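Here are the chains, one letter per residue:
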Amino acid sequence: MNKGLESIRKSVREITPYSMAENRYQIKINQNECPFDLPEDLKQEIQAKFLSRAWNRYPSFTTEQLRRKIADKESVSSDMILVGNGSNELIQIICSVILDSQSTFLIVQPTFQLYAQMGRIFGANLIQIDMNDNFQYPVNDLIELNQANKIALQIYCTPNNPTGSMLTLEEIEAILVVAQGIVVIDEAYFDFHQETALPLLEKYPHLIVTRTFSKAFGLAGLRLGYLIAQPEIVQEVYKAKLPYNLNLFTELTAMTLLDNSNLVSERTRMILAERDQLMHALSQVTQIKVFPTQANFFLVQTPIPPDELFQKLLGEEGILVRNVSHNHPLLADKLRISVGTPEENRTVIAAFEKIFNKSSEF
Ligand code: PMP
């Protein structure tokens, strides 16, 4: 027995690690990424900028230039922005300055798995309540829980991963009115729906909004996220951020992409049009049920065991989707599909038609 293990908190030792199998695939629609890489000429332009800079020097300490660009885009001041190595890092940092064994952390399931993971790592009193059967947020229950408890932190993802469902602004406001601690609205998929909690920031200074460049902006490989909050909250969260958490290459790329925002909006429009076609075509496959969504992914309910359908899609068709069926009882018969390129989506539709038409026993 390694004596060192006893030093590691019991709450950590009990956790199953967040994991991602490395599968071989032809079509990758399992991580809600943007299916399009940056155009070659833009990559070259960024690479040239990167090559002209000194790699032996630390990147910007304040990240002021990037934060100012993001602040301009969001019409807030740059002291309301904190940038991180993906929004994952910001979620971790937020949790680290709030949660301990004395604090209560509220989330709704099923949602992004990292929240619960962080709650456990920091040993918080984690309250998890379920969404309604049709994946709507149980807003009245959330309000009641807030009235009965001092909840230090609650995080809601909207549109929610993996259900695609939303909290409306009115619902978020109703929660903010009764919340006695920090409320985080994770807007990782904001660009696909364009409804944001940002206008609530002025009236409700206990709100934090998080965003990412990993989805609509197509920079998942470079890791950039940001949060927006009142300066006094940013100043506190900032203390837990490691110096130089953002590398030079990511910073340069993000600045260039922010100067090319029409590229992102054009691609987002294309992804949404593709999503609607893909969902419509799959909903014609009578054996499966397609769930409504406001994001670039959606759930399908399958009459055959999801593990089996997952393997069929991967093994026979080379299509890698997300098997969320073990994540939560409400997902037990479901898989999550992200929208791919037009060509990939045609292949996905053909694969579903083939699998379900030929298998009359289902
Ligand atoms: N929030 C949600 C809801 C997500 O789905 C993801 C990525 N799967 C993230 C945050 C993290 O994104 P990143 O760290 O790449 O910014």
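Refer to the structure printed above.
First, a word on scope: everything that follows refers to the structure included in this document. A quick note: this is a predicted structure, and the numbers were derived from the prediction, not measured.

1. Some details on the overall build of the protein chain
Inference 1: The secondary structure content of the protein chain amounts to 12 helices and 12 strands.
Inference 2: Considering only C-alpha atoms, the protein chain reaches an extent of 60 × 55 × 55 Å along its principal axes.
Inference 3: Expressed as a percentage of its 362 residues, the buried residues of the protein chain come to 55%.
Inference 4: Restricting the contact set of the protein chain to residue pairs at least 6 apart, pairs at least 24 apart contribute 70%.
Inference 5: A total accessible area of about 16900 Å² is found for the protein chain, and carbon and sulfur atoms account for 49% of it.
Inference 6: Of the side-chain charges in the protein chain, 33 are positive and 42 negative, and the distance between the mean point of each set is 6 Å.

2. Some points on the nonpolar core
Inference 1: Core analysis: the biggest nonpolar cluster contains 93 residues, and L66, Y137, L153, I155, Y156, F213 and L227 have the highest contact counts within it.
Inference 2: Residue-level mapping places this core at the junction of two domains, with at least three residues from each of domain 1 (20–37 + 262–359) and domain 2 (40–260).
Inference 3: Residue contacts for L153: discarding those within four places in its chain leaves I94, C95, I98, L99, T104, F105, L106, I182 and V184.
Inference 4: Grouped together as the second largest cluster of nonpolar side chains are 27 residues, A281, L282, I319 and I337 included.

3. Side note on empty space enclosed by the protein
Inference 1: Following the criterion strictly, the structure yields 1 cavity of 30 Å³ or more and no others.
Inference 2: Forming the walls of the largest cavity are T158, M166, L167, T168, L169, I172, E187, E195, T196 and A197.
Inference 3: Here the residues of the lining of the largest cavity sort into 5 nonpolar, 3 polar and 2 charged.

4. Points about the site of the ligand
Inference 1: Lining the immediate surroundings of the ligand are 14 residues, of which S87, D186, Y189, T212 and S214 lie closest.
Inference 2: Between the ligand and S87 there is a distance of 2.6 Å, counted from an oxygen atom to a backbone nitrogen or oxygen.
Inference 3: A distance of 2.6 Å is found between an oxygen atom of the ligand and a side-chain nitrogen or oxygen belonging to S214.
Inference 4: Protein chains shield 92% of the accessible area of the ligand, which is 400 Å² for the free molecule.
Inference 5: Placement of the ligand is best described as lying within the largest pocket.

5. Some remarks on the packing of aromatic side chains
Inference 1: Tallying each qualifying case throughout the model produces 11 aromatic pairs.
Inference 2: With centroids separated by 4.7 Å and ring planes inclined at 55 degrees, the aromatic side chains of F50 and F249 adopt a geometry described as tilted. Taken together, the residues span a long stretch of sequence, with F50 in helix α2 (residues 40–51) and F249 in helix α9 (residues 248–258) at a distance of 199 residues.
Inference 3: Residue F50 is classed as buried on the basis of its relative accessible area of 18%.

Reading guide: rules and limits
- Residues numbered from 1 in each chain as written.
- Predicted model: local features only at pLDDT ≥ 70, side-chain atom pairs only at ≥ 80, totals over all residues.
- Heavy atoms only, no water.
- Helix = DSSP H or I, 4+ residues; strand = E, 2+ residues; numbered from the N terminus.
- Buried < 20%, exposed > 50% of the residue type's maximum accessible area, 1.4 Å probe, protein only.
- Contact = heavy atoms within 4.5 Å.
- Areas by Shrake-Rupley, 256 points an atom, 1.4 Å probe, with all protein chains shown as cover.
- Lys, Arg positive; Asp, Glu negative; His and termini not counted.
- Charge placed at Lys NZ, Arg CZ, Asp CG, Glu CD.
- Core = buried A, V, L, I, M, F, W, Y, C linked by side-chain atoms within 4.5 Å.
- Domains from an automatic or database assignment.
- 1 Å grid on protein atoms, 1.4 Å probe; cavity = no way out; pocket = protein on both sides within 12 Å on 5 of 7 lines; lining within 4 Å.
- Points joined across faces, edges and corners; volume = space filled by probe spheres on them.
- Nonpolar A, V, L, I, M, F, W, Y, C, P; charged D, E, K, R; others polar.
- Near = heavy atom within 4 Å.
- Polar contact = N/O pair within 3.5 Å; in protein donor to acceptor, adjacent residues only side chain to side chain.
- Sits in = over half its atoms within 2 Å of the grid points.
- Phe/Tyr/Trp six-rings, centres within 6.5 Å; stacked < 30°, edge-to-face > 60°.

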